[in-house]
Amino acid sequence: MKATHRWIALVAVALLLAVAVPVSADPPERIEEPIVLVFPDLTYGIAVFWNTTREAICQWEEGGFQGPPPYEELVTVRLKETGKGAVVGSFQALRSIEIWHLDDDADLSGPCADTDDQSGPLAKGTARVQGHDNDLFVSGTRVNAFGEHGQGNLRGADGSHWHYSWTFLAHIDRTGDFRVVVERSNLRMRGR
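Every value quoted in this text rests on a predicted model; they were computed, and no experiment measured them.

Trainee: Give me unusual backbone geometry: which residues, what numbers.
Mentor: Even without glycine at this site, Asn51 takes up a positive phi of about 65°. Looking at the secondary structure, you find Asn51 in the loop between β3 (46-50) and α2 (54-62). Despite not being glycine, Phe65 has its phi angle at roughly 60°, a positive value. For Phe65, the location among the structural elements is in the loop between α2 and β4 (75-81). For Phe65, a relative accessible area of 44% translates into the label partly exposed.

Pasting the structure below:
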């Protein structure tokens, strides 16, 4: 069974929890947020950085994680309140992506320590990510289902072409129990 480790698991969730956005049963509201995704993929032994870079994340870490996460572009988030008070959040964006090999001695303590033996990324490119959370503020009125799906095309420093896709879906039930429902990925070289 694949272990689940998410270094910066949908930073958007934490940011949106800190933002007081008036949401009502009216039409969806759209806000701009500094969403980044940073996670290890143990199936392929890589670290993934979406809408940010390893360098920027490591500088942020060295600075004590002060301020918002380092992002390349803001992401439009759609918020809608349900009749029972749950806030549904979703986004879709095409942004930059880097994938790095995990070090041989990676202990999954964090993306910087786990990739510091590498001289550069395995590949860089762009990926379209769709994220969704059906109870963003964890109202307890429903099972909270959240996660993202991403798909991207990348190019290695050696000129190789790569395709990477992933899906992550988790639930928090009404008692607060967390479980991963889906966690899968696919990385393949498409040629040089």
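Trainee: An account of the nonpolar core is requested, with residue identities and associated values reported.
Mentor: Grouped together as the largest cluster of nonpolar side chains are 25 residues, with contacts concentrated most on Trp50, Ile97, Ile99, Tyr164 and Trp166. Within the residue set of this core, elements represented by two or more residues are β2 (37-41), β3, β4, β5 (87-101), β6 (123-133) and β8 (161-172). If you tally residues by element for this core, the top one is β5, at 5 residues. Ignoring anything within four residues of it in the chain, the contact list for Trp166 reads Leu37, Phe39, Ile97, Ala127, Val129, Glu148, His149, Gly150, Gln151, Arg184 and Ser185. Membership of the second largest hydrophobic core comes to 9 residues, among which are Ala47, Phe49, Cys58 and Cys112.

Trainee: Quick one: what's the story with a negative patch on the surface, residue by residue and with numbers?
Mentor: On the surface, a cluster of negative charge is contributed by Asp104, Asp105, Asp107, Asp116 and Asp117. Looking at the element boundaries, Asp117 is found in the loop between β5 and β6.

Trainee: Tell me what's going on with the state of the cysteines, and back it up with residues and numbers.
Mentor: The full count for this structure, using the stated rule, is 1 disulfide. Disulfide pairing is shown between Cys58 and Cys112; the S-S distance is 2.1 Å. Between Cys58 and Cys112, the S-S torsion sits near -115°, and that sign places the bridge as left-handed. With Cys58 in helix α2 and Cys112 in the loop between β5 and β6, the pair connects residues that are 54 residues apart, well separated along the chain. Assessed through its relative accessible area of 7%, Cys58 is described here as buried.

Trainee: Got a sec to walk through the pattern of salt bridges? Specific residues and values, please.
Mentor: Pairing between side chains becomes possible if they bear opposite charge and their charged atoms approach one another. Enumeration over the complete set of coordinates arrives at 1 salt bridge. The salt bridge partner of Arg95 is Glu73, with a shortest N-O separation of 4.0 Å. Here the residue Arg95 occupies a position in strand β5, and Glu73 occupies one in the loop between α2 and β4, the gap between them amounting to 22 residues.

The rules behind each value
Residues numbered from 1 in each chain as written. Predicted model: local features only at pLDDT ≥ 70, side-chain atom pairs only at ≥ 80, totals over all residues. Heavy atoms only, no water. Helix = DSSP H or I, 4+ residues; strand = E, 2+ residues; numbered from the N terminus. Buried < 20%, exposed > 50% of the residue type's maximum accessible area, 1.4 Å probe, protein only. Core = buried A, V, L, I, M, F, W, Y, C linked by side-chain atoms within 4.5 Å. Contact = heavy atoms within 4.5 Å. Patch = residues over 30% accessible without salt bridge, like charges linked within 9 Å, V, L, I, M, F, W, Y side chains within 5 Å. Areas by Shrake-Rupley, 256 points an atom, 1.4 Å probe, with all protein chains shown as cover. Salt bridge = Lys/Arg side-chain N within 4 Å of Asp/Glu carboxyl O. Lys, Arg positive; Asp, Glu negative; His and termini not counted. Charge placed at Lys NZ, Arg CZ, Asp CG, Glu CD. Disulfide = S-S within 2.5 Å.

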